[in-house]
Amino acid sequence: MRNKIIAGNWKMNKDLNESVELINGLKAKLATLPKGVQAIICPPYISLAQAKDLLKGSPIELGAQNMYHEDEGAFTGEISPKMLKSAGCKYVILGHSERRQYFGDTDASINTKVKKALTSGLIPIICVGETLQEREKNITNQVITTQVKGCLKDISAADIEKSIIAYEPVWAIGTGKVATPQQAQDVHKLIRGLLTQLYGSATAEKVVTQYGGSVKPDNAKELLHQPDIDGALVGGACLKADSFAAIVQAAE
Ligand code: PGA
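None of these values were measured; they are calculated from a predicted model.

Sorry, what's going on with the state of the cysteines here?
Between two cysteines, a covalent bond joining their sulfur atoms is known as a disulfide. Considering all chains together, one arrives at zero disulfides under this definition. Cysteine C42 is unpaired, with the sulfur of C89 as its nearest cysteine sulfur at 7.6 Å.

Explanation requested: the sheet that holds strand β3 (residues 61-64) in the structure shown.
Sheet strands associate in pairs through backbone hydrogen bonding, adopting either a parallel or an antiparallel arrangement. Here we have eight strands rolled up into a closed barrel, ordered β1-β2-β3-β4-β5-β6-β7-β8, and parallel in their pairing. The average angle at which neighbouring strand axes cross in this sheet is 25°, direction not considered. For strand β2 (residues 37-42) and β3, the ladder comprises two bridges, and the chain directions are parallel. Note that in β3 the partner of I41 across the bridge is L62.

Sorry, what's going on with the environment of G236 here?
Mapped onto the secondary structure, G236 falls in the loop between β8 (231-234) and α12 (241-250). Look at G236 and you get exposed, because its relative accessible area is 53%. Along the chain, G236 and K177 lie 59 residues apart, while their C-alpha atoms are 12 Å from each other.

Could you clarify how one ought to interpret the packing of helix α1 (residues 16-29) against α12 in this entry?
The packing of two helices is summarised by the inter-axis angle and the distance between the axes. Running from N to C, α1 and α12 cross one another at 35°; their axes reach a closest spacing of 9 Å. When the axes of α1 and α12 are compared, the crossing they make is right-handed. Residues L22, G25, L26 and K29 of α1 pack against A241, D242, F244, A245 and Q249 of α12. The residue makeup of the contact of α1 with α12, split by class, is five nonpolar, two polar and two charged.

Rules used throughout
Residues numbered from 1 in each chain as written. Predicted model: local features only at pLDDT ≥ 70, side-chain atom pairs only at ≥ 80, totals over all residues. Heavy atoms only, no water. Disulfide = S-S within 2.5 Å. Pairing = 2+ DSSP bridges. Helix = DSSP H or I, 4+ residues; strand = E, 2+ residues; numbered from the N terminus. Axes fitted to C-alpha atoms, helices over the stretch in contact; angles between N-to-C directions. Buried < 20%, exposed > 50% of the residue type's maximum accessible area, 1.4 Å probe, protein only. Left-handed = near helix turned anticlockwise from the far one by under 90°. Contact = heavy atoms within 4.5 Å. Nonpolar A, V, L, I, M, F, W, Y, C, P; charged D, E, K, R; others polar.

As structure tokens, this is what we get:
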């Protein structure tokens, strides 16, 4: 049985004081988690060390929204996996569609980061998803296949078992336009099939896959109970303790 994993991607929201307020709210609402459910928050870099301290004794885990693929050096403005680990991160989101769209991330550069995350002991949350144009052209399956194969190139079965794959249709991110449970399940099934092709079914059955794109308390339950959907990557609704906690509870 795969755990259900709910991750909150704060994106570029919440300054230090606001982060403290949100984390304290979450700690109060999620003092214990439903059995088989994990909750992760991914605040901006500057809030991570503080979040690590605030989350001591809480079941809520910590992740980052991106990283660079080197441990240290002359890479102005970048953050390394080593730094993320020292700030208490266990997870890192890689290849989010906003990074692909605005910051030039490609399947190849994401693959490099995935490998580095894994050798550094971080669990990557690897994001894939088609644009509206691609869905309308009926090439969703091709796009997802290319992204999954590109991002997972030369990743071993032992490593993929630890990793998380997030399917986030770009047209559903931040738009309030959620994929139907069937649309989401269809792509998750495709991803499970690709993992089976690449690694065999025993391994494929172990990989946690999340859906992301306008997940809210009122649509979470149905999405989270599709056979191949094992969690959610939540943007907007993770910025309020009430709504993130409600999504975590819906995973039970
Ligand atoms: P959203 O964002 O929940 O605001 O649509 C999801 C994401 O980008 O991870």
